[in-house]
Amino acid sequence: MTYHNITLPTRMRRMRYHDFSRRLMREHRLGVDDLICPLFVTEGEGLRVGVASMPGVERLSLDLLLAEAQALYALGIPAIALFPVVAAEQKSLDAAEAYNPDGLVQRAVRALKQAVPGLGIITDVALDPYTVHGQDGLLDAKGYVVNDATVAVLVKQALSHADAGADVVAPSDMMDGRIGAIRQALEAGQHHNTLILAYAAKYASAFYGPFRDAVGSAGNLGKGNKYSYQMDPANGDEALREVGLDLQEGADMVMVKPGLPYLDIIRRIKDTYAVPTFAYQVSGEYAMLKAAAQNGWLDERAVVLESLLAFKRAGSDAILTYYAKAVAQWLKEAE
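Since the model is a prediction, treat every value here as computed from it, not as a measurement.

### A few points about the pattern of salt bridges
Taken as a whole and judged by the stated rule, the model has 18 salt bridges. Salt-bridge contacts for Arg22 lead to Asp19; the nearest nitrogen and oxygen are separated by 3.9 Å. Note that Arg22 and Asp19 are positioned in helix H1 (residues 19–24) at a spacing of three residues, about one turn of the helix. Note that Arg178 and Asp246 form a salt bridge whose closest N and O atoms lie 3.4 Å from each other. Of this pair, Arg178 sits in helix H5 (residues 178–188) while Asp246 sits in helix H8 (residues 237–249), and the two are 68 residues apart along the sequence. For the residue pair Arg178 and Asp246, the accessibility class agrees, reading buried in each case. Through salt bridges that share partners, Asp19, Arg22 and Arg23 make up one connected network.

The following block contains the structure:
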């Protein structure tokens, strides 16, 4: 810039010099309102089982789950996402246990809404914990995951969750047309205010391994894969089409999964649709950060907060993260 024929330097560092000025110009902030905590529930009482590939993450029996939910709510976390650990004898080819009104998830939802009524309860609508083969749907004679028959079961599962009191049902299966079918069923069942969080851009990612260990589907899936229904990691335009379809069918919010490797997808969705856009910092992302921190290679608190801030910068309105409780505590300490 010139002033009275004098060229003055542009010094971007001036605003970085003081702490107060850095805070004043900060474009994005991470707060407790941005956090959703995934929790794993299992049968039993007083049971706390660690997940070897996710140090610090545990499968909890219902009594301990309620206590954990109360602690999360006290920290200001708005919602939890519930994932079941289903016993082998309850898995089947038709995944009938998924919509059992007295199933593990359905009982957990009822207990949570009674114990912590102000906490948002998000339930996973997918069949992989309930199938003997670990796929997210029903199989035909050739082993192909069939779409429409799977959607019919997903509708029953979502309705059973809504009947139990779930605030948000979150179809994570990537079957075509399931959002519209679920929305229609929810309306018909008078669940007008039950939200749908669509896993609209869920990629066939290698980052899901520890999660499958946690819910016990890894052994069932074996060497199988989910390429025929989850998205190819190479594709971005396809994600926009998927999101657009889910919104047309009645989704209230959309999810990108995994998170950090797909920040560009989050940004494109937010720019294109300007709708509530969530991200899932998945089990593999958690495991990498935790392992590096445990080995002393990274400052855990610093890299976790930085990675979550990246989600916010990319356009995420909320983040599912296994670090939710720790982050809420760190933010409270910083007040």
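### Some remarks on the UniProt feature "binding site: Mg(2+)" (unreviewed entry) in the chain
Feature annotation in UniProt assigns "binding site: Mg(2+)" (unreviewed entry) to the following positions: Glu242. Secondary-structure assignment places Glu242 in helix H8. Using a relative accessible area of 15% as the deciding quantity, one classes Glu242 as buried. The residues touching Glu242, leaving out its near neighbours within four places in the chain, are Met174, Ala200 and Met231.

Rules used in this analysis
Residues numbered from 1 in each chain as written. Predicted model: local features only at pLDDT ≥ 70, side-chain atom pairs only at ≥ 80, totals over all residues. Heavy atoms only, no water. Salt bridge = Lys/Arg side-chain N within 4 Å of Asp/Glu carboxyl O. Helix = DSSP H or I, 4+ residues; strand = E, 2+ residues; numbered from the N terminus. Buried < 20%, exposed > 50% of the residue type's maximum accessible area, 1.4 Å probe, protein only. UniProt positions renumbered as here; feature names shortened; annotations may be inferred. Contact = heavy atoms within 4.5 Å.

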